[in-house]
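Here are the chains, one letter per residue:
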Amino acid sequence: MDTKIFEKDDVTIRFAGDSGDGMQLTGSQFTNTTALAGNDLSTLPDFPAEIRAPAGTVAGVSGFQIHFGSKQIYTPGDACDVLVVMNAAALKANLKTLKAGGIIIANVDGFGKRDLSLAKYGPEDDPLKDIQTSGYTLIQLDVTKLTRASLKESGLPPKDVDRCKNMFVLGIIYWLFSRDMDSTVSFIEKKFAKKPEIAAANIKALKDGYTYGNATQLFSERYAVQPAKIEPGTYRNITGNEATVLGVAAATKKSGLNTFFGSYPITPASDILHGLSKLKHYGIKTFQAEDEISAITSAIGASFGGNLALTSSSGAGIALKTEAISLAVILELPLVIINVQRAGPSTGMPTKTEQSDLLQAMYGRAGEAPLVVLAPQSPSDCFDMIYEACRITVEHMIPVFFLSDGYIANGAEPWRFPTTESLRSITKTFAKPREATEEPFLPYLRDDKLVRPWAIPGTPGLEHRVGGLEKQDKTGNISYDPDNHHHMTMVREGKKNVVAENIPLQQIDEGEESGKLLVVGWGSTFGSIKAAVRELASEGHSVSNTHLRYLNPFPKNFGSMLERFDKILVPEINNGQLIKVLRDQFPNINFDGYNRVRGVPFTVSELKDAISQKLND
Amino acid sequence: MEVKEKQLPEYSSKDFSSDQDVRWCPGCGDYTILKQVQNLMPDIGVAKEDIVFVAGIGCSSRFPYYMDTYGIHSIHGRAPAVATGLKIARPELSVWVITGDGDSLSIGGNHLIHALRRNVDLNILLFNNEIYGLTKGQYSPTSPEGMVTKSTPFGSLDHPFNPAALAIGADAGFFARAMDRDPKHMRSIMERAHKHKGTSLVEIYQNCIVFNDGAFESYTDKKLRDDTSIYLEQGEPLIFGKESQFGIRLDGHKPEVVSLSGGFSKDDLWIHDETDHFKAYILSRFFDNNSIEGGFPRPFGVFYDVQKPTYEDQLHSQMNMAVEIRGEGDLDALLAGSETWVVK
Ligand code: SF4
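Computed from a predicted model, the values in this text were never measured in an experiment.

1. Topic: the domain arrangement of chain A
All names here are of chain A.
- Splitting chain A by domain gives domain 1 (4-224), domain 2 (236-422), domain 3 (429-503) and domain 4 (515-616).
- Relative to domain 4, the C-alpha centre of domain 1 lies at a distance of 36 Å.
- Each side of the interface is counted separately: domain 1 has 5 residues, and domain 4 has 9 residues.
- Across the domain 1/domain 4 interface, buried area totals approximately 580 Å², and carbon plus sulfur atoms make up 66% of it.
- Of all residues in domain 1, Tyr74, Thr75 and Asp78 bury the most surface against domain 4, accounting for 84% of the area lost on that side.
- Linking domain 1 to domain 4 there are 0 salt bridges.

Written out as structure tokens, the structure reads:
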């Protein structure tokens, strides 16, 4: 008799194992297959901090969570329905993420005496037995043994055979969720094109896993998740860092500029450097500099030379770039500064997410050095916002900060990608050559948007000098005149504010246009806030939310939007940063914060609690 | 990169002088250097609009303001990095870096050594005055040990950098030394630096008349320098002294000063070879305190000049190769990626 298949609206699965168990690959393969099946989804990889933490320890556990459904999915899921654990340490680290009554698939081979002791279980502990008595469904498999049996004819050395364990498990999961395996099969063929025997072994393990699930009736029920009703169109799956790379390529193409990307390796931003370095045939030059300072100053040099220039880092590295950012401000040259934020201070928790560099981006410089700050709200939104950053920096000759974070950088979601043609145009103009008979060139003469000309070397008649010393208005000559300095300070601030004329108006994302409570968020908290507000609004509460992607300057209508609500709640994964900016700019409005700084995204349920509490206050 | 032949106007040195007042102390060695650079520019065969001067911070770094070319006065120590980005972005430009000993050997030491090893085609003029001038007289990374300055009332404890050894150690393709007191020679060295494709480092002994007057007197003073300095000429024996009475001989790999009247002839001497990396390294060690009797003379001229592929040329050929192999990037294909699905 076939196992009965039940329909589910949404499911969350977490794969967890040792760093060497291939859990990221397993998760991303499941993600692709799920996306191709038409589900909406959101993922969250959970990397160990150390590259090679001792095998079998809790520090070495690598996890990957995916939340998918036939409804719209905004977050990777608060807790999981299915937890796959390859060893005792993975169970120890992740049991708390499993829902009551959830399913655990455990590789019993990873629960030997040594594994238990490495995971710091006591000599008397039997965690798998405890699970059974705690109301969870436990499926025990000896994955090592099963994989070895599956591949006993492969002729591969045991080490290579054991590397296919994750595919055996993935096969079982595919069976459990009635999934097609084609996409993973062709992925394996491509990945191991040069090692056909390894490809064959992985594919066999995958298929045998599926068959094993079926033949042994491993589970009393199977699940099916129907395609989600999402906007029609062509989709792909994308992470935030990938989307950032594509956004830079798109801006390069649409602006007609050559691009220079100066960077220094840092977690979790390095994938942007890796991605762009592959795009040389798109006119993108990447430069891995000797340090963070060189990464940004080389970009400033390239910008002076007429390239679309970007630099990337994470908070600790941004701190090193600070002096150069203020140089870019006074030079009034285009420059995009990407900060994929992570938990600080100092080295902090490099693989964990946080929103704690907003004030650094807004104010963290010597002198009065205003610039534009943008923040993407989801993995795919990284594309739109880096594109906007490039557009604004070129059109306004002002540095732009792009504040992504570790969560959306590595998290993935389906993306209805645009066509080149549909992208907003980027207007850039270089100053024209001048004859000797014309009036002298004035590098700091501004247009009606307070923008100065981009006069690049190689243009006859525009020879001029720029530098970090205060400039005389119009001529750009060095000036220590007190009134001029005051004037220039105000002009730089005003010039930043003009950008508000060139960005979209702020929208309410969920709920009514006015009401009792408005939840204001920014950055990667979008999904959790939206899901929480949506659920509460559908339960009849007067709550709305708006999410800021343009943080400096704010959209023009933002202030009046705030006034239409009785209370305002500002949840942030920091100790209250946006709220300080809001209190400064809207002193007559009362703001309340909800702040948790745990290195992980908000759960929907904690936000629902926080919002309900505010509603009842 | 395709370089179009430009019809150049007849430039004079005046064409390279900006309308800004020069603000160095009267008598500062920087004036001679500026004059020689302005004097050289009409002769390098580059259009004025294609020349960029990039500087860091310090007395010398005001230099770009006085040149009627493109220029950036950047951040303390960062000029080589700014210039690197500019040159990568625009390889057809002639990019000059103006820096001082504090700027490039202390706060910006990292950028200097990395520019040298990468071999970006930059001409770096390092004005070495062995002092911090703009901040009014603290010792610098090239100040001799024991030097009493505002910040070292009991004498400096730092061992000074040897810029020649640093450059050769970083595998620079070009290193030369000049002095402000010999402008003609300095001009010829700067011209050589321009001609060298790749990073060229020229150390210029520059007198800071206010805070470190006479620091190089023994090498630069016309009456003294014959006995303390040696001018390097390609293919010529290493000879110095008022009467050309001394030479340098290599005993194996060990150099020694010999007297040409004491049994040695020109044929016994070390013949200067700018392409010999080992000899360049030995020359860079001629860094004795000249008060020591029998020490080596301080060399001036081109130590080393060997052409190597430049960073920017290699990067651009990688870019061209990428286009050749994969074709001009197709943005729509990139946006779609390898796996898509349609939602109806
Ligand atoms: S302080 Fe010294 S180096 Fe600076 S301008 Fe005056 S003399 Fe020249």
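2. Here's the deal with the sheet that holds strand β11 (residues 298-305) of chain B
- One open sheet accounts for 9 strands, arranged β17(A)-β2(B)-β1(B)-β3(B)-β4(B)-β6(B)-β5(B)-β11(B)-β7(B); its pairing is mixed. Where the open sheet ends on each side, the last strands, each with one partner, are β17 (465-467) of chain A together with β7 (229-231) of chain B. Neighbour-to-neighbour, the strand axes of the sheet open up by a mean angle of 20°, direction not taken into account.
- Pairing analysis gives 4 bridges linking strand β5 (residues 174-179) of chain B to β11(B), with the strands arranged antiparallel. Residue pairing across strands places B:Arg177 opposite B:Gly301, the latter belonging to β11(B).
- Strand contacts of helix α6 (residues 183-195) of chain B: β3 (94-100), β4 (123-128), β5, β6 (200-205), β7 and β11 of chain B, with the helix running at about 160° to β5(B), the strand carrying the most contacts.

3. Structural notes on the environment of B:Asp68
- On the secondary structure map, B:Asp68 appears in the loop between β1 (51-55) and β2 (70-73).
- A distance of 2.9 Å separates the side chain of B:Asp68 from the side chain of B:Lys48, its partner in a polar contact.

4. Some points on the site of the ligand
- Every residue lining the ligand is accounted for by B:Trp24, B:Cys25, B:Cys28, B:Cys59, B:Asn129, B:Gly133, B:Gln206, B:Cys208, B:Ile209, B:Val210 and B:Phe211.
- For the shell around the ligand, the per-class residue count stands at 8 nonpolar, 3 polar and no charged.

5. Some points on the domain arrangement of chain B
Residue and element names in this part refer to chain B.
- Here chain B is described as being made up of domain 1 (13-236 + 272-305) and domain 2 (237-271).
- Each of domain 1 and domain 2 has a C-alpha centre, and the two are 28 Å apart.
- Contact with domain 1, which involves 18 residues of that partner, is made by 15 residues of domain 2.
- Of the roughly 1400 Å² buried between domain 1 and domain 2 on both sides combined, carbon and sulfur atoms contribute 69%.

6. Looking at the side chain of B:Arg298
All names here are of chain B.
- Considering the arrangement of structural elements, one finds Arg298 in strand β11.
- For the buried Arg298, no salt bridge exists, and the shortest N-O distance to an oppositely charged side chain is 5.4 Å, to Glu130.
- At a separation of 2.8 Å, a polar atom in the side chain of Arg298 contacts the side chain of Tyr205.
- Dropping the residues within four chain positions of it, Arg298 is found in contact with Arg177, Tyr205, Tyr219, Thr228, Ser229, Ile230, Phe286, Phe287 and Asp288.

About the thresholds
Residues numbered from 1 in each chain as written. Chains lettered and ligands numbered in written order. Predicted model: local features only at pLDDT ≥ 70, side-chain atom pairs only at ≥ 80, totals over all residues. Heavy atoms only, no water. Domains from an automatic or database assignment. Contact = heavy atoms within 4.5 Å. Buried area = accessible area lost by both parts, 1.4 Å probe. Salt bridge = Lys/Arg side-chain N within 4 Å of Asp/Glu carboxyl O. Pairing = 2+ DSSP bridges. Helix = DSSP H or I, 4+ residues; strand = E, 2+ residues; numbered from the N terminus. Axes fitted to C-alpha atoms, helices over the stretch in contact; angles between N-to-C directions. Polar contact = N/O pair within 3.5 Å; in protein donor to acceptor, adjacent residues only side chain to side chain. Near = heavy atom within 4 Å. Nonpolar A, V, L, I, M, F, W, Y, C, P; charged D, E, K, R; others polar. Buried < 20%, exposed > 50% of the residue type's maximum accessible area, 1.4 Å probe, protein only. Lys, Arg positive; Asp, Glu negative; His and termini not counted.

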